Amino acid sequence: MNPLRKRLDMIGASVGRTPLLWLPDDSLSLFAKLESVNPNGSTKDRSAYWILKKAIERGDITENTTVVESSSGNFATSLAVFCQSLGIRFVPVIDANCNALTEAVLRSCCERVEKVVAPEGAALLPARLARVAELRAEISDVYWPNQYANGDAADAHYQLTGGELSSAFSRIDYLFVGVGTGGTIAGLSRRVKDQFPGATVVAVDVHGSVALGGAPGKRHIPGLGSSMVPPLLDQALIDHVMHVSEYETVIGCRTLYAEHGLYAGGSTGSVYAAIGRYFAEHPVPPGERPTAVFLCADRGIPYARTVYDLDWVERTLAPDAVATAAL
């Protein structure tokens with residue numbers, strides 16, 4: 001057997017099959033799928049594993065290949081650890097919004113980390129992608145996962161995450177999914193609607209992101225949002241769109257921790273905040289108790305010095321955020 005395939009099988013055995021946690025709620029049967037239990041702590045393990053698997057099967061990645069990708073968050077961490085396990089090189093391209101802990105992990109796993117700087121007020125993603133293009137021209141045997149447009153990223157969530165949800169539930173009425181690269185919602189929405197045609201899919205984005213039609217603006221918390229419209233969103237089946245502020249992200253994270261003991265990352269807090277607002281605006285009719293599902297996409301540890309640090313919230317977001325976030 002190809003040595004890469006054998007190592008890949010070992011990685012695949014560790015990814016997925018994540019538990020569901022029931023969260024007490026007055027009007028919903030609310031469940032969080034704990035993607036934070038994946039080996040590197042996030043749902044991005046699924047897309048990283050699946051993209052690498054398909055590329056190796058096609059011959060796009062060999063033992064001599066260098067993988068280069070733009071990411072300042074969980075996807076970079078997943079690729080870094082998996083590439084190290086496979087014995088292939090990985091060069092992450094990150095930016096100033098990368099959490100200090102994430103950057104430290106990347107620098108411990110990768111011989112080379114590229115950190116880009118953009119002019120004040122400029123979007124960081126184009127700067128990262130431009131550097132990726134330069135590296136692809138510089139390195140002779142290179143593979144770019146291109147997580148914003150690679151159909152394998154969506155297929156990972158159709159086959160893996162969506163397959164697990166379809167097997168676990170006899171009914172899903174609402175699916176709430178945060179949007180960043182578009183891969184998660186593209187795969188999950190199609191699989192859930194295939195199995196449960198009446199399900200309502202609610203896409204969650206943050207203010208400052210243009211992914212779902214919002215106005216561009218500065219964002220401080222990685223996890224959700226994009227400064228471009230990801231091509232993978234063309235595959236998504238979306239019924240409603242909700243935008244949350246970074247204040248709401250902080251409140252959502254801290255509420256999950258205080259009330260349910262979930263120490264979750266920024267994207268999860270954003271989605272949880274959106275769930276509360278959605279049902280405040282669309283009350284559940286008396287006598288009904290719909291089933292709603294969302295992903296606990298990652299752990300809160302990388303956000304300990306941001307979302308969970310009230311000094312950072314006061315300094316970075318706004319003074320009045322402290323009062324609303326101090327639960």
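Everything numeric here is computed off the predicted structure, so don't read it as measured data.

A separate point is the overall build of the protein. When helices and strands are tallied, the protein shows 11 helices and 10 strands. Relative to its length of 327 residues, the protein is compact, with a C-alpha radius of gyration of 19 Å against a globular reference of 20 Å. C-alpha atoms of the protein, sized along the principal axes, occupy 60 × 45 × 30 Å. Sequence separation of at least 24 residues holds for 71% of the intrachain contacts in the protein that already meet a minimum separation of 6. Looking at the protein as shown, the accessible area adds up to about 13500 Å², and 51% of this sits on carbon and sulfur atoms. Where the 29 positive side-chain charges of the protein centre and where its 35 negative ones centre are 6 Å apart.

Taken as a whole, helix α4 (residues 100–109) has its buried residues at Thr102, Glu103 and Leu106. Buried positions in α4, seen along its axis, are confined to an arc of 100° and lie on one side of it. Residues of α4 that are exposed and point over 90 degrees away from its buried face: Ala100 and Ser108. On its buried face, α4 is in contact with α3 (74–86), β4 (89–94) and β5 (114–115).

With that settled, consider the sheet that holds strand β9 (residues 240–244). Whether parallel or antiparallel, the strands of a sheet pair through hydrogen bonds between backbone atoms. Spatially, β1-β2-β10-β7-β8-β9 is the arrangement adopted by the six strands of the open sheet, whose pairing is mixed. Both edges of this open sheet fall to β1 (20–23) and β9, since each of them pairs with a single strand only. Here the strands of the sheet are splayed against their neighbours by 25° on average, with no regard to which way each runs. Strands β7 (174–178), β8 (200–206) and β10 (291–296) of the sheet are contacted by helix α7 (residues 183–195), whose axis makes an angle of about 170° with β7. The sheet contacts of helix α8 (residues 246–260) involve β1, β8, β9 and β10, and relative to β9 the element is tilted by about 90°.

Turning to the sheet that holds strand β3 (residues 66–70), a few remarks are in order. Strand order in the open sheet made by the four strands is β5-β4-β3-β6, with parallel pairing throughout. Looking at which strands have only one partner, the edges of the open sheet turn out to be β5 and β6 (142–143). As paired strands, β4 and β5 are joined by two bridges and run parallel to one another. Of the residues in β5, the one forming a bridge with Val93 is Glu114.

It is worth spelling out the nonpolar core at this point. In terms of nonpolar packing, the biggest core is built from 54 residues, with Tyr49, Leu52, Ile61, Leu86, Leu165, Leu175 and Ile185 touching the most fellow members. Composition of this core by domain shows at least three residues from each of domain 1 (43–141) and domain 2 (160–313). For Leu52, the contacting residues outside a window of four places in its chain are Leu8, Ile61, Val67, Leu79, Phe82, Cys83 and Leu86.

The domain architecture assigned to the protein consists of domain 1 (43–141) and domain 2 (160–313). Distance from the C-alpha centre of domain 1 to the C-alpha centre of domain 2: 24 Å. Taken together, the 14 residues of domain 1 in the interface contact 17 residues of domain 2. Carbon and sulfur atoms supply 52% of the area that domain 1 and domain 2 bury against each other, a total of about 1300 Å² over both sides. Counting across the domain 1 and domain 2 interface gives one salt bridge.

About the cut-offs
Residues numbered from 1 in each chain as written. Predicted model: local features only at pLDDT ≥ 70, side-chain atom pairs only at ≥ 80, totals over all residues. Heavy atoms only, no water. Helix = DSSP H or I, 4+ residues; strand = E, 2+ residues; numbered from the N terminus. Rg over C-alpha atoms; globule rule 2.2 N^0.38 Å. Contact = heavy atoms within 4.5 Å. Areas by Shrake-Rupley, 256 points an atom, 1.4 Å probe, with all protein chains shown as cover. Lys, Arg positive; Asp, Glu negative; His and termini not counted. Charge placed at Lys NZ, Arg CZ, Asp CG, Glu CD. Buried < 20%, exposed > 50% of the residue type's maximum accessible area, 1.4 Å probe, protein only. Arc of directions from axis to C-beta. Pairing = 2+ DSSP bridges. Axes fitted to C-alpha atoms, helices over the stretch in contact; angles between N-to-C directions. Core = buried A, V, L, I, M, F, W, Y, C linked by side-chain atoms within 4.5 Å. Domains from an automatic or database assignment. Buried area = accessible area lost by both parts, 1.4 Å probe. Salt bridge = Lys/Arg side-chain N within 4 Å of Asp/Glu carboxyl O.

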